Every structure is written in structure tokens, then in C-alpha cells.
Amino acid sequence: MLYGLRKFVFTAVALAALALPALAAEPIHGQPFTRAYPFDEIGYVSRGARLSFDSFGRLALVQAGAYAVLNDTVWLNLSARSAGTPDLAAVVRGPDGRTYYGARGAWGIVEFDAEGKLRPVPFLPEVSPKWLSTAFFDNIIVTEGDVYFGSWHGIVQWNVARKIAQFFETGPMAKIFRVGERVFVSVEGEPISRVDIQQRGLRPVAGTGAPGLAVQCAAPLDESHTLISFSDGRLMSFDGQTLVPWEGQSRNGLTGRISALQELADGGMAVAVLGRGLYLFSADGHLMLSLTTDQYHLVTGLAAREAGVIWVATENAIEKVLYGGALTTFGERLGLPVGWPMVRRWGDHLVVTSDGKLYEAVPGVAGAMTRFELMKDQPAGGAWAFATNGGQVLVGNRSGIFIPLPDGGFERITTVKDLLHLVMVRPGLCYAIGPTEIAALQLENGKWVEHVPRIPGMPYLAVPHAVGEAVWVEMGPEGVARISLQDGALKLRQVKTPWPRTPWVNLGSVDDTVILTGTEGERKFFDEKAQSWIHPAWLEALLARSPFWIVRAKQDAKGTIWATHRSGVVTFTPKGGDYEMDSSRFDLGNDRDPAVHIMDGGDVWISTERSLYHVEANPAPKPAQTRLPVLVSVWDARKNREISAAIGVAADLLKLSYDQNSLVFRPFSGGYAWRLPPAYFFRLDQANQWTEQEAGSTLSLSDLREGRHLLEIQTAENRDTNSAVKFAFEILPPWYRTWPAYFFYGLAGVILIFTVVGLASYLARRRHRVLEALVQARTNELEVAMERLNEETRNTATLVERDRLAGEIHDSMQQGLSGAIIQLDTTLKMRAVTEEVRSRLNVVRNMISYARHEVQHAVWDMESPLIEGTELGEALRKITALVNVGTVVIETLVAGEPVDLPRTAKHNLLRIAQEATTNAVRHAEAGHITIAVRYAPEGISLAIIDDGVGFVPDEVRSKTFGHFGLRGMRSRAEKIGGTLVIESMPGAGTIVRIFVPGTDNPAPAVFHYAEAHTSDKNTHSPG
């Protein structure tokens, strides 16, 4: 536990307030911040890719047809690869807004297609020289009104306005470059020539040629001079007429073959020398920075467009170098393994302790990075505690406290148990602090002695801070402590804070004011001189300006306050009676909990557990204007297609269909002068709160409502400025929510209302008809029920009356008839009765027996027993046998195929035949009676024909009384739906006809006696 605390302590060891004058050596320079993108990570290009910039300022790599741009941290290939598309070799953005390309045997412009890809549009003429087909146009220069496409074999000059090309064939190894608006070409072994458009030729410049030499690289120095390098390594300034050696080369002894030249955006020149490194010069030729580590020995390309940033193409990667920044870093590349570092001035030496070892800075040449070397002499047990003040040095560990010897090596002067810190608060006074004991060492006569007794220490004495002649120590969860030498004695005072839940209390100081800081919102101030708590409103307000919660603060000799937060440092520099705040220049990115080391002369260092930074003495000035982010594309997330490209900062209202309401926006920060990838905040439709974008360089908005929207995007570092990019767009409503649709809805609604009303009326009528039918059906059922009830009532009454009549008939008529039969039977047995009389008495007996049966059936409303189990013809024969008294010939004729008649029809037809036959026998004195039945499909016909005396039918029908037999026959005919016809004349006999229609043809059929007689001669039976 103590070991871990001890390591944490070393991140914030304070330096002595006094020091010797600053060294007169070259300033300390660490390595600038770099960010490498290996070709394997990029994925589209490899070694030899050309560097360029697109219209948004994004770095672009061109090689073998690929066009990869770096959108903040994401590489995007914008080249459309398809059959017949030339491989892009060079792409350059012109001042006219067009992007020009060169390829093998082709040149022209590139345009964005619907998918956001660049597609070449060639400018090839119909007639061109033969060398054009094999030329590889990898060098493009754009001037006012003209574009030059250069290759090893020749040049094509394209006039933008006239769209006319001129061709200039050259020798091999040709290189074109510009001086101002003039374009020159260099061919090996020949003088530099100017491209003369008017004369359609090349004009050599005298004194610029030498055998075996040619221009290798060129870059503008200013508007009228260009720096060119020859194949022998010479760097020359060329104004279009004269070559002059460049002072930067001779002044700095720069030799070797030049592989790349690049004009810097803030003035100056970058020069890459094969096998040596990359050198950055100011505009006047002074060396600013030399990068000579291995990765810069083979530079194939350079590019720059913003101050402080240069892009370097090496063998294995594309590297971003942030030169001229406020911070440089030290590490393994410069010989210093970093682990809990402490920086001290030791006389005229700069010494760093790292992981318990002492490293010394080795001065370098101007512009070179400072290297560190491990010191030859190291104290026994390691350098875990380190304090200096001018030439006074103390080094300590658990085994002792040491001083360096003049001849080398270290001498132990004392031992403090469990030593953690050595803090030299002034020359000649140093505190030795540990959890077990605390000692005060004083320098007398060149020797360190202890004049006051040691005092017990305390646990968790973690991070010490020198304030005046006292030492304040952070103690983690135990609060803070103050160690001082007062009245000849060591004093240790534990200071409790009013924040019981704060896990750690941090310490800082400004002048004599001690700042105690807890979690956000918890801060107290203590006056070291007055020994009391105070409330400095100015200091509270100053620290509150920071966008980050300040945890520690320290003031340098110039009055600048260096305030640390979780991942960086904020500075407050006195200016015009106030302070100017800088919250972005010292952002450490992913490094956490920095400590500031302020040394005499204004030298400032910042350290973390595994990082060590140096604050440059004269960093490049901070840009006066904040760079605005830009919006480079908008994609349809559902179809994965680009909706709009090249939007930039300002754009007209973009109208999108409703099925495009899920969008992906891709912003670009506008530059690369950042140590960490930019974080974006956005808000939609001027919401009250800004939302942090979580998807890096893409922003996804899904299921947007229809209507107009305003999207604002800004970078996190510029949230306090009006630097948001604004993009207005409109989501059109779906077709079913447009005005034509609403009109259609209204029309459809009216139609629907009328339809509903009509349908309701129809349904009401139909229900009314159904109800009427139901009522009619119920009425019919009721009528049937009533009829059935009436029938039952009548039947009941009939049955009652029948019972009464049956009793009466049984007691009177039937008994009388039965008695008559008995008397007849007795008479017939008498021997005195003759045969003739006996015969007649038998007839009478049969008639009385039949009458008795008929009376019985009539009482019970039963059918005649003559028709039971037989058809009508047979029943008629039986009845004629009963009626015939022996004096009349009665025959029965049947025609047609007999059918089974309903019992009611058969019964009534039998009664009609019986009545007609009886009348003919009793009244007509007939000698011959014919009963004829005819079955036909249209119905059944019955005719009773006699040869009696006849009568007048009309006279019979007109009589009111009597003739019940005729009326009974008509009644019976009506019951069975038949038609009764009586034909008779006095002396001419009588014919009684009845026709009962069938179901097929209700029309009556005429019965002919001869037809019936001949159709079935065997059916008659004499009476």
C-alpha cells in the first residue's frame, strides 16, 4: 500500500522556490505529437500513395485508382471502381471548385455520383498524339484559367474556359512545377524550360541546366520564388530566371538526396532527406525541428494546409506531425523510459528520475530533439526521493539520504525510516517525510545536519506541496496535513475538511493561499501567512471560468496560474488587469491526473504516471479564429445511399421524402490540429440541451417527423463559441398526409357519408321488409294456429255431437236395423217362404246390413268400408251389387291406368256414384246403368249413365226443397275440387259426370263411353 502511494506521490513533487540562472544551452525540445495511420489500417493504399486534400480540407490519398479521405479518424474510399474506369494517379482541387484527375493515358475532372463516389469524366480529344496513350499523368498544376497535366513523356495544357488542349512532348524523366502563375518543366540533362502557351512551345531558361541533373522536387517559397531540389541534393531558389542556393541548406549543413519538399501553411519549408530525416525550416531558413528517428529516413510524400500540421508518407504509414505546438513529449524514442517521473534542475544539468533511476538531458543542435541518457552514478537503493535547489542536491530512498560527490558517486548522510519524500522549501532547508518519522535537514557550512528532533509521521502522506516554508501533504481519505518548522521544532497538523464523503482532497496554491479541493463543488481556501481560512472571491470566480473542475493549481514567477483537471491543464495568464484563459492547448487526451512542475526561469513540465511533457518556450500562436466544422455528406440510412454531398457549412433547404426520414450525417471538424479525435455535440430544432455524439464522425437520426428541421453540430472544444455548422432540411409528409390526399379524404368522407346513409336506409328498409315478412309469417302461423285451434274446436264439438248422435243412433236406428236383420233372418228360416220371396228378403237383408254399416261409418266419419284396401273401380262394383234389386243391369267400366287416389277423393266419388245409381234405380225406372271411370294424366273422370225417364236439371236446381241427393253430390264434388255436370231430358235418360283434375293439367277431360268401353272390355260387371 505504501509503495503504491509512494509512486503516486512522485507525480507532484514541488520544486524549490529558488534556483540558479537558466542554462545557456539550446532550449529543451521533446518529440512533437504524432499520430500514425499504418497502411494496413487504412486498407485502400500502400507505400507510394500521393498526398492531397479534398474540397473540405480532408487529407486524401491517391493510388492505383483509390481515393481515400480521412474524415477525422475514419478512412473512406470515395473512388468508384468499375470496368472501364481509369485508375486515378493524381487528384488536385482547383481554385474554380473543380477537382481534376490524372491517370494513365487519361485526364479530366471527377464528379460525385448518387452513391457519393468520385467518377472520372475524361477530357480526351478525338485526335491526340501517340505518346498520350502511354503517358502516366501523375503531376497536376492548376493556375488561373489553365490546368497542366504532366507525365514523364509530355505535358497537356487544358484551357478551362475554351476547353481546348495543347500537347507538349518532352524527353524522359520530366518534372513540371510552377513559379507564381508560370509553369516550368525540367528534363534530365537539359535546362529548365518555361511552357509558352502563346507560342505553343517550351522556352529554355539559360544557365539552369547541367549534364545528368534534373529537378526532383519543387515547392513554393513565396509568390515569386520556388524551392527546387536537383538529383545531386542541391536546394536552389528559383524565380523563373535565376537559380540561387538556398540559405537553409548551407546554414544547417543539410546534405543528401531530397525525397520531398512541402511549403508549410504558416510559412516555412519541410525538407525530407533520404536516410537522414525530416527537417522543418522557418520562412527565413532557420531550422525549427528535425525529426531524425528511423521512421523518417524514407519519406515519400509531404502535404500541409493548416498551421502546425504536416502530413508525412513513410514506408509503412501516413503520419500526422503537430509541430510548433505548446507541448512536446519524451519517451523511449528519446532515451527516457517514463515511470512516475520527477524533473529537477541540478546546477546546469536537467535531471529526471524515472522508475528510481537518474537520467540526464543531453543538449543537441538547434532544432533537434533533446535526448536523455542514464547517468553513470546512481545512489544505492535507487532515486525514489529527489530534491534540488541550484547546486544543492539530495537523493533518497528507504536505505538512506545521499548527496553527490565531486568526483562521482553518492554519499549517505543519514537515514529516515520509510522515507517517501524530500521537499526543499528554500536553500538550506529540506524536509524528509515518511509515514514513520519526519525530519528537517538544514545546510550548515556545506553539510546537512539536523538541529531539531524528528517527529512521528502519519499514514497516507501521499503528495507534498511546498507553500512558503511549510509543506502541505495530501493524505487521501484522511484529509490533508501541514508540516512546518516553528520555534525550533517540527510541527505536524492534520487538517480535517467538512466533506466526510470525499475520497480524496487535492491541494494547490496561489501565492500564500492554499487551495483545498474535493469533489465538484467542494473547495476551501487557507491563508498560509495569516494561518486562517479565507474566502477570496476573485480566485473562486477565476477557477469557476474553467469548463473543467480544477483539482490543483500552481502559480509561476510570471503570475500565470497552471490549473490541472482530470485530463489536462488550464492556464490563466495575467492580461490587462484580468486573466486570459486557455483550456484547450494543454489537453492531454487519455492521460489522467497530471501534475505540473514549475522550474526557475519559467520552464514548465507536466507529468502523469507514464508520460512526461515539456511546455515549449515559444509555441506557435493560437489561431485567432475558431475553425468551423463542416457537414460533408448526408446518407439515407434505409437505402444506404448518399442523398447529398459537398454540403459544406451553408446549404439550401434540402427536401426529403418521408421514406428518407432516417438519416446519417457525417461531419468533419475542419482540420487535424488536435491531439485527440474531436468530440461532437449536436442539437435538433434548437433544443435547450446539446447532446454528445456517440458514434465518432457519424450522427444517426432515425424516424424523424415530417416538417422542417435545423441540425446544429459543433466540436466539444468550441462549445463556448458560435462555431456550430447549421444544416436545414425538410422531411416531406407521406402521400397520405398531403393536401391532395386530404382533399381526397374529404371527398371520400362525403361519399362515405352518403353511402352510409343510403346503406342505413337500405338496411332499414330491408329490416322493415324482413320484419313485415316475419310479422306476416307470424300472422300466417297464428292464422294456421287459429285455424288448427278452430278445427280442433270443431272436431271436439263434432266428436261431442257424434258421441251424442252415436248414442242416439245406437239406441234407436242401429238397434232398429239390427232388430230388422234379426227378424229377416228369422223369416228367411221359415219353410212357408217361397224362393222368390226368400230371394227378395235376402236383398232387403243385405240392404239393411249395408245401411247399418253406413250409419256406423257416418257416425264416426269413416270411409266407406267398400273402399278399404281397394281401388275406386272395385269399390264401385261392390256398391252396385248392394243397390241392384235384380231388375236393372248395372255395368262398371274402367279406362286408363288406375292410380292411388286420396282417400277423401275416393270416398266422395263413391258416394256420388252411389247416389246417382240409387236415383236411377228408384226414380228413373232405368233398365240399364253404366258407371264409367277414366284415369288420365290430366285427372280422373266419373260418369253414371242410365236409360231412365230423365228429368229437367234446371227445374230441379230451381226448387228450394227436396232433391237432397243432387245437392249432396254437388257438395261432395266441391270438397274434392271436382266439377259436376248433369245432363238429362225427359224420356232420354240421365248422365251424371264429375271430373277431378290432377296436378299436371287441371282442365277437365271429356269422357266417351265408347272409348271407355273399348279400352277395357273386361272391366265391366253387370248389376
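What you see is a predicted model; the values in this text were computed from it and never measured.

Draft legend 1. Spatial organisation of the overall build of the protein chain. When helices and strands are counted, the protein chain shows 12 helices and 71 strands. Here the protein chain, with 1023 residues, has 48% of them falling under the buried criterion. Residue pairs at least 24 apart in sequence account for 52% of intrachain contacts in the protein chain once pairs closer than 6 positions are excluded. Put simply, the protein chain shows about 49,900 Å² of open surface, and 53% of that area lies on carbon and sulfur atoms.

Draft legend 2. Region of interest: the pairing of strand β13 (residues 164-169). Of the strand pairs in this sheet, strand β12 (residues 154-159) and β13 are connected by six bridges, and their pairing is antiparallel. Of the residues in β13, the one forming a bridge with W158 is A165. Here β12 folds back onto β13 in antiparallel fashion, the turn holding four residues, of which K163 has a positive phi close to 55 degrees.

Draft legend 3. Spotlight on a positive patch on the surface. A cluster of basic residues, R765, R766, R767 and R769, forms a positive patch at the surface. The partly exposed category is assigned to R765, whose relative accessible area is 44%.

Draft legend 4. Inspection of a nonpolar patch on the surface at higher detail. Together, W735, Y736, W739, Y742, F744 and Y745 make up an exposed nonpolar region whose accessible area comes to about 800 Å². Within the secondary structure layout, W739 lies in helix α5 (residues 739-811). The class of W739 is exposed, set by a relative accessible area of 71%.

Draft legend 5. Highlighting the environment of V309. Within the fold, V309 resides in strand β27 (residues 309-313). Here V309 falls in the buried class, since its relative accessible area comes to 1%. Residues V309 and L264 lie 45 residues apart in sequence; the distance between their C-alpha atoms is 8.3 Å.

Draft legend 6. Local environment of the sheet that holds strand β71 (residues 990-997). Taking strand neighbours across the sheet as the criterion, the five strands line up as β67-β68-β69-β71-β70 in an open arrangement whose pairing is mixed. Each end of this open sheet is capped by a strand with a single partner; those strands are β67 (889-895) and β70 (979-984). Adjacent strand axes in the sheet meet at a mean angle of 10 degrees when their direction is disregarded. The pairing of β70 with β71 spans six bridges and is antiparallel. Bridge pairing in β71 links S984 to T990. The strands that helix α9 (residues 903-922) touches are β67, β68 (928-936), β69 (939-946) and β71; relative to β69, the one it contacts most, it runs at about 10 degrees.

Draft legend 7. View of helix α4 (residues 537-544). By the burial criterion, the buried members of α4 are L539, L542 and L543. Relative to the axis of α4, the buried residues are bounded by an arc of 95 degrees and lie together on one face. Turned more than 90 degrees away from the buried face of α4 sit A537 and A544, all of them exposed. Tucked inside the fold, the buried residues of α4 contact β47 (506-510), β48 (513-517), β49 (523-527), β52 (561-565), β53 (568-575) and β54 (578-587).

Draft legend 8. Local environment of the packing of aromatic side chains. The tally for this structure, following the rule as stated, stands at 29 aromatic pairs. On the basis of an interplanar angle of 75 degrees and a centroid distance of 6.1 Å, the ring pair of W107 and F167 is categorised as edge-to-face. With W107 in strand β8 (residues 106-112) and F167 in strand β13, this pair connects stretches of sequence that are 60 residues apart. With a centroid separation of 5.9 Å and 20 degrees between ring planes, the pair formed by F177 and F184 is classed as stacked. You'll find F177 and F184 in the same group, each marked buried. Linked through ring pairs, Y37, W75, W311, F668, Y672 and W674 together constitute an aromatic cluster.

Draft legend 9. Just the confidence of the model for the protein chain, in detail. Per-chain confidence: the protein chain averages 84 in pLDDT, with 88% of residues scoring 70 or above. Segment residues 1-24 is flagged for pLDDT under 50; beyond a separation of four residues in sequence, or across chains, it makes 71 contacts in the model. pLDDT under 50 marks residues 1001-1023. Its contacts with residues more than four places away, or in other chains, come to 47 contacts.

Draft legend 10. Quick look at the pattern of salt bridges. Counted according to the given criterion, the structure contains 30 salt bridges. Of the charged contacts, one joins D578 and R545 as a salt bridge, the two residues approaching to 2.8 Å between their closest N and O atoms. With D578 in strand β54 and R545 in the loop between α4 and β51 (552-555), this residue pair connects regions lying 33 residues apart in the sequence. Taking the relative accessible area as the measure of exposure, D578 reaches 36% and is therefore partly exposed. The residue E938 makes a salt bridge to R934 at a minimum N-O spacing of 3.7 Å. Judged by relative accessible area, R934 falls into the buried class, the value being 17%.

Draft legend 11. Quick peek at α9. Here α9 is 20 residues long and its end C-alpha atoms lie 28 Å apart, about the 28 Å a rise of 1.5 Å per residue gives. Of all 20 residues making up α9, 15 are buried, and the element is well covered by its neighbours.

Draft legend 12. Representation of the sheet that holds strand β15 (residues 182-186) in the model. The sheet built from four strands is open, its strands ordered β14-β15-β16-β17 with antiparallel pairing. Among the strands making up the open sheet, the edge pair consists of β14 (175-179) and β17 (201-204). On average, each strand axis in the sheet is tilted by 35 degrees relative to the strand beside it, whichever way the strands run.

Draft legend 13. Quick look at the nonpolar core. If you look at the biggest cluster of nonpolar residues, it comprises 34 residues, and the most contacted ones within it are L909, I929 and L942. At the level of secondary structure, the elements contributing two or more residues to this core comprise α8 (872-883), β67, α9, β68, β69, α11 (964-975), β70 and β71. No other element matches the eight residues that α9 contributes to this core. Excluding residues that lie within four positions of it along the chain, I929 makes contacts with V888, V889, I890, E891, T917, A920, V921, I944, I945 and D946. Ranked by size, the runner-up nonpolar core spans 31 residues in total, among them A260, L264, F372 and W605.

Draft legend 14. Structural view of the pairing of β17. Summarising the sheet, strand β16 (residues 193-196) and β17 pair through four bridges and their orientation is antiparallel. Pairing of S193 across the sheet is with P204, part of β17. Linking β16 to β17, which pair antiparallel, is a turn of four residues; within it R200 sits at a positive phi near 55 degrees.

Draft legend 15. Spatial organisation of the environment of E540. Of note, E540 is situated in helix α4. The spacing of E540 and K524 is 16 residues in sequence and 9.3 Å in space, taken between C-alpha atoms. Those residues in contact with E540, other than ones at most four positions away along the chain, are F525 and H535.

Draft legend 16. Here's a closer look at unusual backbone geometry. Even without a glycine there, the phi angle at N445 is positive, about 55 degrees. Here N445 lies in the loop between β40 (437-444) and β41 (447-449). You can call N445 exposed: its relative accessible area is 80%. One non-glycine residue with positive phi stands out, namely D703, at about 50 degrees. One can find D703 in the loop between β64 (699-701) and β65 (707-715). Assessed through its relative accessible area of 56%, D703 is described here as exposed.

Cut-offs used in this document
Residues numbered from 1 in each chain as written. Predicted model: local features only at pLDDT ≥ 70, side-chain atom pairs only at ≥ 80, totals over all residues. Heavy atoms only, no water. Helix = DSSP H or I, 4+ residues; strand = E, 2+ residues; numbered from the N terminus. Buried < 20%, exposed > 50% of the residue type's maximum accessible area, 1.4 Å probe, protein only. Contact = heavy atoms within 4.5 Å. Areas by Shrake-Rupley, 256 points an atom, 1.4 Å probe, with all protein chains shown as cover. Pairing = 2+ DSSP bridges. Patch = residues over 30% accessible without salt bridge, like charges linked within 9 Å, V, L, I, M, F, W, Y side chains within 5 Å. Salt bridge = Lys/Arg side-chain N within 4 Å of Asp/Glu carboxyl O. Lys, Arg positive; Asp, Glu negative; His and termini not counted. Charge placed at Lys NZ, Arg CZ, Asp CG, Glu CD. Axes fitted to C-alpha atoms, helices over the stretch in contact; angles between N-to-C directions. Arc of directions from axis to C-beta. Phe/Tyr/Trp six-rings, centres within 6.5 Å; stacked < 30°, edge-to-face > 60°. pLDDT = per-residue confidence, 0-100. Expected span 1.5 Å × (residues − 1). Core = buried A, V, L, I, M, F, W, Y, C linked by side-chain atoms within 4.5 Å.

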